[in-house]
Amino acid sequence: IKNVTAVFGSHVDFANPFITNYEQRNENTYGLRTYFELNGGQLSYNWKLNLGLEWQQTNAGINNYGNNMGIKDTAQALDKVNTNQHFIFTRYTADIANRLHVEAAVRSNSYSYDFKNIYPLHQPGFTNRRFSPQLMPRLALSYQFTNHFIARASVSRGYSTPTTAEVRPTDNVINTNLQAQTGWNYETGLRFRSEDESLLADASVFYYRVQNAIMRRLHPDETEYYVNAGGTNQTGVEFSFTNWLIRQHNSQFIRGLQFNTTYTFSAYFFRGYSNGAASYSGNPLTGVPRHVMVSSVQVKLPAYLYLFIQHNYTASIPLND
């Protein structure tokens, strides 16, 4: 049995002379992560059990001023937003007969934030917004058919609370109606590697069904705000391949030639999404291209010289909903 404990913190000092105003953010984050781990089993059945928790607090001062040609001007809105999140988790993994790998996990996530306006409302105390605790289970299996071929599958529930920048966007209004995103993800895949690991191939397909998807909107003056836009159906295929076409060696001019390629297919669409009388259900999800392919060739030359060439193809990207 062992315990791993970590404390962490970060400081963010951010300034953005935006078109409509001059924004400043000052964020301080600190937290704790700890878990116990128990190992057991025999040669043909090894298992591991984790039990732990994580806690994180972020205190943010978010201020907007007039933007006088890139110089901070008079105050428009000064807010404080403090977020708190913590979760308890347990995870069990097992390797059976050096072939089957099993993982089962669940965690309970809690999230809340407090906010108050310093200017112009001069709010005396903080107002609290608390989200209902959420359970997030995960089950994953992988099976090693041979030393070179592995299949895997997983199902998991995701939960994503709105960020501070989404709760208090550039329109200077704290949006207490914004809900967390949730969804179930189903994924399966295959992996192959050659005996000398000069060739590696991995392919996976997934389906992610999201509820309460958070979407960015713009006011007529170009300031932004966020809404829950129904749901999304996200189906995707990911593939990666690498191969040393000429294996590495120490003679001749070309001493190695490696080819790499990755491909992603994303069929992401809105579901149950409308704005007033307009329905956007079935429209492509904003900002996600249907196809992305990145390929590269690396040539190893004498005297520790390398030639690297890369090509990126990205399909058209939907810019609005």
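Here is a short report on the structure shown in this document. These figures come from a predicted structure and were not determined experimentally.

Moving on: the overall build of the protein. Each helix and strand in the protein was counted, giving one helix and 18 strands. For the protein, the spread of C-alpha atoms along the three principal axes comes to 70 × 50 × 45 Å. Across the 321 residues of the protein, 35% fall into the buried class. In the protein, the proportion of contacts linking residues at least 24 apart, taken out of those at least 6 apart, comes to 59%. Element-wise, carbon and sulfur atoms account for 57% of the exposed surface of the protein, whose accessible area totals about 18,500 Å². Across the protein, the mean location of the 26 positive side-chain charges is 6 Å away from that of the 22 negative side-chain charges.

Moving on, we get to the layout of surface pockets. Here the idea is plain: a probe the size of a water molecule rolls over the atoms and shows the empty space left. The space that makes up the largest pocket amounts to roughly 220 Å³. Along the walls of the largest pocket sit 13 residues, with Ala105, Arg107, Met136, Pro137 and Arg138 positioned nearest its centre. At the level of elements, strand 4 (71-96), strand 5 (100-119), strand 7 (134-144) and strand 8 (149-160) are the ones that each hand at least two residues to the lining of the largest pocket. Here the lining of the largest pocket takes four residues from strand 5, the largest share from any one element. Its residues assigned to classes, the lining of the largest pocket shows five nonpolar, three polar and five charged.

What follows covers a nonpolar patch on the surface. A contiguous nonpolar surface patch, about 470 Å² in accessible area, is contributed by Tyr30, Leu51, Leu53, Trp55 and Ile88. Per-element tally for the nonpolar patch: the top contributor is strand 3 (residues 45-68), with three residues. Here Trp55 lies in strand 3.

Along the polypeptide, Thr74 turns up in strand 4. Thr74 gets classed as exposed once you look at its relative accessible area, which sits at 55%. When the C-alpha atoms of Thr74 and Asn64 are compared, they prove to be 8.8 Å apart, with 10 residues separating the residues in sequence. Apart from the residues lying within four places of it in its own chain, the contact partners of Thr74 are Tyr65 and Gly66.

The next point concerns the pairing of strand 10 (residues 199-211). Successive side chains on a regular strand alternate, one facing one side of the sheet and the next facing the other. Sheet topology note: the strand 9 (residues 181-193)/strand 10 ladder contains 12 bridges and is antiparallel. When the bridges of strand 10 are listed, Gly189 appears paired with Ser204. Hairpin geometry of strand 9 and strand 10 is characterised by an intervening segment of five residues between the two adjacent antiparallel strands and by a positive phi of about 60° at Glu197. Both strand 10 and strand 13 (residues 231-246) contribute to a ladder of 13 bridges, which runs antiparallel. Of the residues in strand 13, the one forming a bridge with Val210 is Thr232.

Glancing now at the environment of Tyr143. In this structure, Tyr143 sits in strand 7. Note on Tyr143: relative accessible area 36%, which makes it partly exposed. Separated by 47 residues in sequence, Tyr143 and Leu190 have C-alpha atoms that sit 9.8 Å apart. Those residues in contact with Tyr143, other than ones at most four positions away along the chain, are Arg99, Leu100, Phe149, Ile150 and Ala151.

The biggest cluster of nonpolar side chains holds 12 residues, and these are Ala60, Ile62, Val81, Tyr111, Tyr113, Phe115, Phe131, Met136, Tyr159, Val167, Ile174 and Ala180. Contributions of two or more residues to this core are made by strand 3 and strand 5. Those residues in contact with Tyr113 that lie beyond four places of it in its chain are Val81, Asn82, Thr83, Thr127, Asn128, Arg129, Phe131, Val167, Asn175 and Thr176. By size, the runner-up hydrophobic cluster in this structure holds eight residues, among which are Phe206, Met215, Tyr268 and Tyr273.

With that settled, the discussion passes to the packing of aromatic side chains. What describes a pair of aromatic rings is the distance from one ring centre to the other and the angle between the planes of the rings. For the structure shown, the criterion picks out 11 aromatic pairs. Judged by centre distance (5.9 Å) and plane angle (55°), the rings of Tyr30 and Trp55 are tilted. You can see Tyr30 sitting in strand 2 (residues 22-42) and its partner Trp55 sitting in strand 3, a full 25 residues away along the chain. Given the relative accessible area of 41%, Tyr30 is considered partly exposed. By relative accessible area, Trp55 is classed as partly exposed at 31%. When the centroid spacing of 5.3 Å and the interplanar angle of 45° are considered together, the rings of Tyr273 and Tyr280 count as tilted. Members of the aromatic cluster, joined through ring pairs, are Tyr111, Tyr113, Phe115 and Phe131.

Cut-offs used in this document
Residues numbered from 1 in each chain as written. Predicted model: local features only at pLDDT ≥ 70, side-chain atom pairs only at ≥ 80, totals over all residues. Heavy atoms only, no water. Helix = DSSP H or I, 4+ residues; strand = E, 2+ residues; numbered from the N terminus. Buried < 20%, exposed > 50% of the residue type's maximum accessible area, 1.4 Å probe, protein only. Contact = heavy atoms within 4.5 Å. Areas by Shrake-Rupley, 256 points an atom, 1.4 Å probe, with all protein chains shown as cover. Lys, Arg positive; Asp, Glu negative; His and termini not counted. Charge placed at Lys NZ, Arg CZ, Asp CG, Glu CD. 1 Å grid on protein atoms, 1.4 Å probe; cavity = no way out; pocket = protein on both sides within 12 Å on 5 of 7 lines; lining within 4 Å. Points joined across faces, edges and corners; volume = space filled by probe spheres on them. Nonpolar A, V, L, I, M, F, W, Y, C, P; charged D, E, K, R; others polar. Patch = residues over 30% accessible without salt bridge, like charges linked within 9 Å, V, L, I, M, F, W, Y side chains within 5 Å. Salt bridge = Lys/Arg side-chain N within 4 Å of Asp/Glu carboxyl O. Pairing = 2+ DSSP bridges. Core = buried A, V, L, I, M, F, W, Y, C linked by side-chain atoms within 4.5 Å. Phe/Tyr/Trp six-rings, centres within 6.5 Å; stacked < 30°, edge-to-face > 60°.

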